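Spelled out from the first residue to the last, the chains are:
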Amino acid sequence: MILKIILESDIPIYRQIRNAVIEGIALGQLNAGEGLPSVRQLSSELGINMHTVNKAYTLLKQDGFITIHRQKGVVVNQRSEMKLMQSQYDQLSQEMKPLIAEAFCRGLTLEEINGICKKFYTQFKEL
Amino acid sequence: MHTIFTLLIIATCFLPIYLLFAFIPYLSRRTECLGVGIPEEQYDTPELSILRKKYRNSILLGGGLFIAVVFLTVFMNMEQFAEMVMVVSLLMMIITEGSIYLHYHKKIKMLKKDNGWLSENVQILVADTTLVSGKECASPLWFILYPLIIILTILTGLLLFDTMPDRVPIKFDFQGHVIRWADKSIGVVFFAPLTQLFLSITFILTYVGIRNAKRQIDASNPDESRKRISIFRKAWSYFTVFGGLLLLLMFGLMQLSFIGIITNQSTTIIFTMGPVILLIAAAIALSVKIGQGGSRVNIKRYSNDQGMVINRDDDQYWKYGVFYVNRNDPAIFLEKRAGIGWTINFGQPLSWIIIVGFVLFSGVFVIVSNWLTK
């Protein structure tokens, strides 16, 4: 997968890396068991501080998307290991709340919001 | 014969530097011009094309002057001065061409600022998450041949020690005269193998550098860029493996001349200069055919499908477009911006350890090889 980071974005770089990896998994560009570059490698190819990549990987590990082995390095988890726990469900819906609120204020109907969700969701499911 | 020898020196010392300097902007990536990062779509604009042409002509003229001086000394039969003239001319040529480069480097930097190339594009960072397999590079197993050749060279020297003449020519001047002889001794047998060892380590280090160098993927065309980089790495890794092999074999032949099996001096000159010239020719051919980062490889150029995106502007880390100093970048080896090949990140302590280590290692090599051929 080609990872793209927008430098002047409001979203911090570690967050962009995290999101890109999750999206890559959802789209099937990153498969279960696939290796990811080490912290040093990825930060050197992006030309950024190692702490930034480390932070992204730590988040991904905490959320169950990747495992960091001593020997095998960084590996993408099985889908089953990403299964939602109650606390994560709450967090996820909390994070969706402001987005839905913004859409509501801007006059989007429930159907339109559902339409957006469906568009992305089917993209993810297809692969 | 002597004139031919001088011409060979010109061919090996002056021409590569002269030509490389002149054609830097034509060999570089399309996202760079004389050490300045540019948006790819600006590469072919008349503004930059004219600047490149002007730069090239200034270099050809400025450097040509010094080459002409050297030719004159050779053809006016003032060969006794040749050595001095060559060293001074070479130095002056490099200084002149460096100044011309800097002048145009600054000009392009100004152009970039005046035209607002940065503000009209979104800067993005790109990386490939597939693991570096290094599969595209030549196999490191080739390096097994290196110690084999060294051992063979030592054995030949030891077994045929009796046939070695009483004194052996070690150093030649620019006209091919012997200026230093070594007395017959067992140490002389180890002179060629030691040089081979030095070369082996140098070439293996280069290979490691190429293999581990940062893959710099262009933001505007990631997929195309990935292909180009892979061809670029492949070509130069093979060049390194076989270039080293060729030089090792050359010193194997030198051993044969030490022990008196090859006695003809012109043969000696041919087999010492031959591989060097071959290597330089191959390096020039690769540079022209492949270009920096594979920029000249003949594959389909995709149009910029990513919208107005450019690579991150890292001009601030490139001092004069030549030295990369970035503490925050853990990369040690990366592509040069001006020229062909790789350079190191001077902002990392490990880079300095490598440089100092290599200088010390070279010093030890010179001292030991002098001691062997007293």
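Residues numbered from 1 in each chain as written. Chains lettered and ligands numbered in written order. Predicted model: local features only at pLDDT ≥ 70, side-chain atom pairs only at ≥ 80, totals over all residues.

Some words on the overall build of chain B
What counts, and what does not: The way it works is that DSSP assigns letters per residue, a run of H or I at least four long becomes a helix, a run of E at least two long becomes a strand, and they are numbered from the N terminus. Radius of gyration: over C-alpha atoms. The globule rule applied is 2.2 Å multiplied by the number of residues raised to the 0.38 power. Labels follow a simple rule on C-beta atoms placed from the backbone: if 20 or more others lie within 10 Å of a residue's own, it is buried; if 12 or fewer, it is exposed; otherwise it is partly exposed. We call two residues in contact whenever the C-beta atoms placed from their backbones are within 7 Å.
Along the backbone of chain B there are nine helices and 10 strands. For 374 residues, the compact-globule estimate of 2.2 N^0.38 gives 21 Å, and the C-alpha radius of gyration of chain B, at 23 Å, lies within 12% of that figure. Looking at chain B as a whole, 32% of its 374 residues qualify as buried. A separation of at least 24 residues holds for 75% of the contacts in chain B among residues at least 6 apart in sequence.

With respect to the packing of helix α7 (residues 222-258) of chain B against helix α8 (residues 265-290) of chain B
Packed helix pairs are specified by the crossing angle of their axes together with the interaxial distance, meaning the distance between the axes. Residues and elements named next belong to chain B. Where we set the bar: Between N-to-C directions, angles cover 0 to 180 degrees, with each direction set by a line fitted to C-alpha atoms, over the stretch in contact for helices. Our angle categories are set so that under 35 degrees counts as roughly parallel, over 145 as roughly antiparallel, 65 to 115 as roughly perpendicular, and the remainder as oblique. Three classes are used: nonpolar for Ala, Val, Leu, Ile, Met, Phe, Trp, Tyr, Cys and Pro, charged for Asp, Glu, Lys and Arg, and polar for all others, with Gly counted as polar.
Their axes nearest at 9 Å, the elements α7 and α8 cross at an angle of 175 degrees. In terms of axis orientation, α7 runs roughly antiparallel to α8. On α8, the residues touching I231, F232, A235, W236, F239, G243, L246, L247, M250, L253, M254 and S257 of α7 are T268, F271, T272, P275, L278, L279, A282, A283, L286 and I290. Grouping the constituent residues of the contact of α7 with α8 by class yields 18 nonpolar, four polar and no charged.

Digging into the sheet that holds strand β6 (residues 309-311) of chain B
Spelled out, the test is: One requirement defines pairing of two strands: DSSP has to find at least two bridges between them.
The sheet built from three strands is open, its strands ordered β1(A)-β3(B)-β6(B) with mixed pairing. Each edge of the open sheet is held by one strand with a lone partner, namely β1 (2-6) of chain A together with β6 of chain B. Geometrically, the sheet is characterised by an average inter-axis angle of 45 degrees between neighbouring strands, direction not taken into account. Where strand β3 (residues 122-128) of chain B lies against β6 of chain B, three bridges are found, and the strand directions are parallel. For Q123 of chain B, the partnering residue across the bridge sits in β6 of chain B and is I310 of chain B.

Quick look at the confidence of the model for chain B
Keep this limit in mind: Confidence scores here are pLDDT values: one per residue, from the predictor, ranging 0 to 100.
Here chain B averages 90 in pLDDT, while 96% of its residues score no lower than 70. Across the interfaces of the predicted complex, the ipTM metric reaches 0.84, alongside a pTM of 0.90.

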